[in-house]
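As a plain string of letters, each chain reads:
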Amino acid sequence: MMFAVAMTFIDQTIVSIAAPDIVSELGLSASGMQWVVNAYLLALAAFFAVGGRLADLWGPRRVVVAGTLIFVISSALCGCVPDGDYALTWLVAFRATQGLGAALLFPAALAVVVAVFPIERRGRALALFFGLTGALTAVGPLLGGWLTTWTWRAIFWVNVPVAVVALILTALAHISDRRRDEPLDVKGAVLIAVGMGTSVLGFQQAAVWGWDSVATWACVVGGLAVLYVFCRYELRTRHPLINLSVFRDRAFTVDSLVLFFAMLAFVPVFFFASVYAQVSLSASANQAALYLLYFFVGFAIASQWGGRILDKRGARPALKIGCVVGAVGFALWAGKLTDLSMHDQWPYVALAGAGIGFILAPASTDAVNRAIDASYGEVTGITQTVRNYAASIGLAVFGTVLTHTMTDNVESTLRARGVPADQVDSVAGDVTQSITGQADARTPTGDGPVATTMRDAMSAIRMDFAEANQWVFYGMAVALGIGYLCALRHPGGRPAAAAEETPAQSPVHH
């Protein structure tokens, strides 16, 4: 199962490294490229709950195989995107179906793993599962940098051999296919997909439309209203897509909230840190990936430690430690961004990674353990929906913060260097779009006065970008600080082992 989900985690971050090459070859805009990254995460968030429910209704093995096939076919088609007017539409569409495949695959795979281990050993087992899958999120940029030197299309094609091996291993594993004879809540599935998609669209486009735009707030408020309707509908229907009664357990609710605030930082940090490294530190794609490996080292070590704490003392200590360590790590990292030295930053990068590592496996595992009346597939669908919705919002909101701050900084730099007032806004907007969307810090060509000034100002613009990123990373520290306040509400303790032996989720063996 770990091998099966490997490619879904790699794909959360691998595309950001290849972005400059994709943009230059296909002629995409920066906002278009951002949608190529976000379409995958948005489809994950919208369809995870459906994937978890289908794992219960159809059996986890069938859903793992179906998700793998959808994912790998979409990957191959992404790699075959044609040049021309339809390139962006093609890429966004098949990135979205990739996300659909991952949304089917991951909760089913996790439900299989959960069912194999008894509750007292589950913390350490899932720490390994989440540790390695989280590590693959960090491997994405490194693999992307290496593959991009050949062709950026290889970042999609690499999934084909991985999927073939995953399907062979799934067949050899002889996974039991327990199924429930219940209908799928189609209306609920449509409501949650529309609600999540519309609200994230509003957050995402706020950078383009502006926060004072009617369209921005229509999407955000409209999407949240649809999600409210979804919740009311789920409470009334006989066979809901999501059994909302699990939120009556305070520990489950706290686990979900802590995961939400942690995920505001976890996936976005790979995108923002890799672009920062390439622009402000003038790093190559491979060097940017190595920069992110410091984050993974801290994450991997703390993930195993957090799993042991969960098994011995419950989730509360691990969540509190993780939120504090993460908040401090991100805040110190933010303070060092303007030093423009990779060497000076690595301890704080690793500390930020350790904070997330302490949180991820214990919160996810404790949430599953607390779900007494719901099945594993359904509950993993809920927690993963929360995680990926948060990641989409984090990318959108922090992207907006970065864009506005960077534009203001560049305008100040250009005015100080004598660029005419009537040109400052458009030039600053162009610079911000090329850098934040594509990590494109190439020196401008041409012999006009603006181009000459831009060449002279490149070092100042790199510093402007570092200063703009400080706001993003301080925002991530604040998110983990809020996560700590939520963790204080966790009731502590460990759920009784007997809780897992309900008819809905009892494993085959005892």
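Residues numbered from 1 in each chain as written. Predicted model: local features only at pLDDT ≥ 70, side-chain atom pairs only at ≥ 80, totals over all residues. Heavy atoms only, no water.

Across its full length, the protein holds 17 helices and zero strands. Taking all 510 residues of the protein together, 59% fall into the buried category. Contacts in the protein between residues far apart in sequence, at least 24 positions, make up 82% of those at least 6 positions apart. (Helix = DSSP H or I, 4+ residues; strand = E, 2+ residues; numbered from the N terminus. Buried < 20%, exposed > 50% of the residue type's maximum accessible area, 1.4 Å probe, protein only. Contact = heavy atoms within 4.5 Å.)

Attention now moves to the confidence of the model for the protein. Averaged over the protein, the pLDDT score is 82; the fraction of residues at 70 or greater is 88%. When mean pLDDT is taken per element in the protein, helix H12 (residues 315-336) scores highest with 96 and helix H16 (residues 449-456) scores lowest with 57. Predicted confidence is poor over residues 497-510, with pLDDT under 50, and the contacts of this stretch with residues over four places away or in other chains come to 28 contacts. (pLDDT = per-residue confidence, 0-100.)

A positive phi angle is found at Ser282, which is not glycine, with a value near 55 degrees. Position of Ser282 among the secondary structure elements: in the loop between helix H10 (250-279) and helix H11 (285-313). One non-glycine residue, Leu340, lies in the positive phi region at around 55 degrees. Summarising the element assignment, Leu340 is placed in the loop between H12 and helix H13 (342-370). Exposure remark for Leu340: the relative accessible area of 32% places this residue in the partly exposed category.

Right, let's talk about the pattern of salt bridges for a bit. If the charged atoms of two oppositely charged side chains come close together, the side chains can form a pair. In this structure the tally under the stated criterion is five salt bridges. Among the salt bridges present, the one from Asp83 reaches Arg153, with a minimum N-O distance of 3.8 Å. Linking Asp83 in the loop between helix H3 (60-79) and helix H4 (87-116) with Arg153 in the loop between helix H5 (122-148) and helix H6 (154-157), this pair joins segments that are 70 residues apart in sequence. Note on Arg153: relative accessible area 13%, which makes it buried. Glu411 is the salt-bridge partner of Arg415, the closest N and O atoms lying 3.7 Å from each other. Here the residue Arg415 and the residue Glu411 both occupy positions in helix H14 (residues 376-416), the gap between them amounting to four residues, near one helical turn. Owing to a relative accessible area of 48%, Arg415 belongs among the partly exposed residues under this scheme. Owing to a relative accessible area of 13%, Glu411 belongs among the buried residues under this scheme. (Salt bridge = Lys/Arg side-chain N within 4 Å of Asp/Glu carboxyl O.)

For H12, which comprises 22 residues, the first-to-last C-alpha distance of 31 Å matches the rise-based estimate of 32 Å (1.5 Å per residue) to within 8%. Within the span of H12, buried status applies to Ala315, Pro317, Ala318, Leu319, Gly322, Cys323, Gly326, Ala327, Gly329, Phe330, Trp333 and Ala334. (Expected span 1.5 Å × (residues − 1).)

To continue, consider the environment of Arg370. Mapped onto the fold, Arg370 is located in helix H13. For Arg370, a relative accessible area of 12% puts it in the buried group. When the C-alpha atoms of Arg370 and Asp249 are compared, they prove to be 7.5 Å apart, with 121 residues separating the residues in sequence.

A cluster of nonpolar residues, Phe3, Val160, Val164, Val165, Ile168, Leu169 and Leu172, forms a patch on the protein surface that exposes about 570 Å² of accessible area. When residues of the nonpolar patch are assigned to their parent elements, the largest contribution, six residues, is made by helix H7 (residues 159-172). In this fold, Leu169 is placed in helix H7. (Patch = residues over 30% accessible without salt bridge, like charges linked within 9 Å, V, L, I, M, F, W, Y side chains within 5 Å. Areas by Shrake-Rupley, 256 points an atom, 1.4 Å probe, with all protein chains shown as cover.)

Looking now at the packing of aromatic side chains. Summed over the entire model, instances satisfying the criterion amount to 19 aromatic pairs. Here Phe266 and Phe295 contribute two aromatic rings whose centre-to-centre distance is 6.3 Å and whose plane-to-plane angle is 25 degrees, an arrangement assigned as stacked. Of this pair, Phe266 sits in helix H10 while Phe295 sits in helix H11, and the two are 29 residues apart along the sequence. Taking the relative accessible area as the measure of exposure, Phe295 reaches 1% and is therefore buried. (Phe/Tyr/Trp six-rings, centres within 6.5 Å; stacked < 30°, edge-to-face > 60°.)

What follows concerns the nonpolar core. By size, the foremost hydrophobic cluster in this structure holds 147 residues, and its most contacted members are Ile22, Phe295, Phe330, Trp333 and Phe473. When residues in this core are grouped by element, the largest group, 20 residues, is from H10. If we ignore the near neighbours within four places in the chain, the residues touching Trp333 are Val269, Ala273, Tyr291, Phe295, Gln345, Tyr348, Val349, Ala352 and Phe473. Judged by nonpolar contacts, the second largest core, of five residues, contains Ala302, Ile309, Ala318 and Ala354. (Core = buried A, V, L, I, M, F, W, Y, C linked by side-chain atoms within 4.5 Å.)

Assignment of secondary structure puts Leu77 in helix H3. With 21 residues separating them along the chain, Leu77 and Gln98 place their C-alpha atoms 9.8 Å apart. Once residues lying within four places of it in the same chain are set aside, the contact partners of Leu77 are Trp90 and Phe94.

H4 packs onto H3 with a crossing angle of 155 degrees between their chain directions and a minimal axis gap of 7 Å. Between H3 and H4, the angle falls in the class roughly antiparallel. In this structure, the crossing between H3 and H4 has a hand that is left-handed. In terms of residue class, the contact of H3 with H4 is made up of 16 nonpolar, seven polar and one charged. (Axes fitted to C-alpha atoms, helices over the stretch in contact; angles between N-to-C directions. Parallel < 35°, antiparallel > 145°, perpendicular 65-115°, else oblique. Left-handed = near helix turned anticlockwise from the far one by under 90°. Nonpolar A, V, L, I, M, F, W, Y, C, P; charged D, E, K, R; others polar.)

It is worth spelling out the side chain of Gln470 at this point. Structurally, Gln470 is set in helix H17 (residues 458-487). Here Gln470 is in contact with Ala334, Gly335, Leu337 and Thr338, once residues within four sequence places are set aside.

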